[in-house]
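# Chain and residue survey
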Amino acid sequence: MKTNVVLVGFMGTGKSSLGRTLARRLGYRFIDTDLAIEKITGLTVEMIFRRHGVIRFRSEETLLAKRLLGKTGLVISTGGGMLLNKENVELLRQNGVLIGLRADPEIIINRVKNKKHRPLLKKTNIRETVYRLLREREGVYDAAEFTVDTGQLPFEASLNEIIKYLKDRPS
Ligand code: S3P
């Protein structure tokens, strides 16, 4: 049975773009949890936050993690807050290898500053918000069993690191 590969990490660490290519390379199906939640609810992430609040969004994430329990052969790119709920960590671990992506704060800020779709960064001082959230989330992404620094490595090298890890990993 093919285990899922679950990419975790803060916003702007490259989960969606790396995940998409990784899935193609492995011959797995790709799922982005933000996009899946949008499809299920018929609302954009931004609308969910605005109309129903962050708690509702977090419960959609847990519902989705439960739905994914029965599926294998997926590369799953998670939203940056997915691991805030320990239950999600346990759910995703049941049939998935958690791979962490990280980058230094200034690199993250550079990557996210001109993207307008992230509700947590909207109408805020992006630098302050990123530093604050990183502080609040310290240790959260350590749930990953292997982590790649996408600020240090170019896209292709990050991808190869992950593929090599998955290949060498005792199953
Ligand atoms: C969030 C990250 C976003 C998205 C939502 C909340 C977070 O996903 O799930 O805006 O709490 O870090 P990305 O990490 O793909 O930006």
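Refer to the structure presented above.
This text gives an overview of the structure that appears in the document. Owing to the predicted nature of the structure, the values given are computational and were not obtained by experimental measurement.

This paragraph deals with the overall build of the protein chain. Secondary structure assignment for the protein chain yields eight helices and five strands. In sequence order, the protein chain lays out its α and β elements as β-α-β-α-α-α-β-α-β-α-α-β-α. Relative to the globule expectation of 16 Å for 171 residues, the C-alpha radius of gyration of the protein chain, 15 Å, shows essentially globular dimensions. Overall, the C-alpha framework of the protein chain stretches about 45 × 35 × 25 Å when taken along its three principal axes. Across the 171 residues in the protein chain, those meeting the buried criterion constitute 46%. A separation of at least 24 residues holds for 72% of the contacts in the protein chain among residues at least 6 apart in sequence.

Relative to the helices and strands, Y165 resides in helix 8 (residues 155-168). For the pair formed by Y165 and I99, sequence separation is 66 residues and the distance between their alpha carbons is 9.4 Å. With residues up to four places along the chain from it excluded, the contact list for Y165 reads V97, I99, E145 and F146.

All right, on to the pairing of strand 1 (residues 4-9) then. Summarising burial for strand 1: six of the six residues are buried, a large majority. Side-chain alternation along strand 1 places N4, V6 and V8 on one buried face and V5, L7 and G9 on a second face that is also buried. Direction of pairing for strand 1 relative to strand 4 (residues 96-102): parallel, over a ladder of six bridges. Looking across to strand 4, one finds that N4 is bridged to G96. Relative to strand 3 (residues 74-77), strand 1 runs parallel, the two being bridged by three bridges. Among the inter-strand pairings, L7 is bridged to a residue of strand 3, identified as S77.

Definitions and cut-offs
Residues numbered from 1 in each chain as written. Predicted model: local features only at pLDDT ≥ 70, side-chain atom pairs only at ≥ 80, totals over all residues. Heavy atoms only, no water. Helix = DSSP H or I, 4+ residues; strand = E, 2+ residues; numbered from the N terminus. Rg over C-alpha atoms; globule rule 2.2 N^0.38 Å. Buried < 20%, exposed > 50% of the residue type's maximum accessible area, 1.4 Å probe, protein only. Contact = heavy atoms within 4.5 Å. Pairing = 2+ DSSP bridges.

Just distances and angles here, no functional claims.
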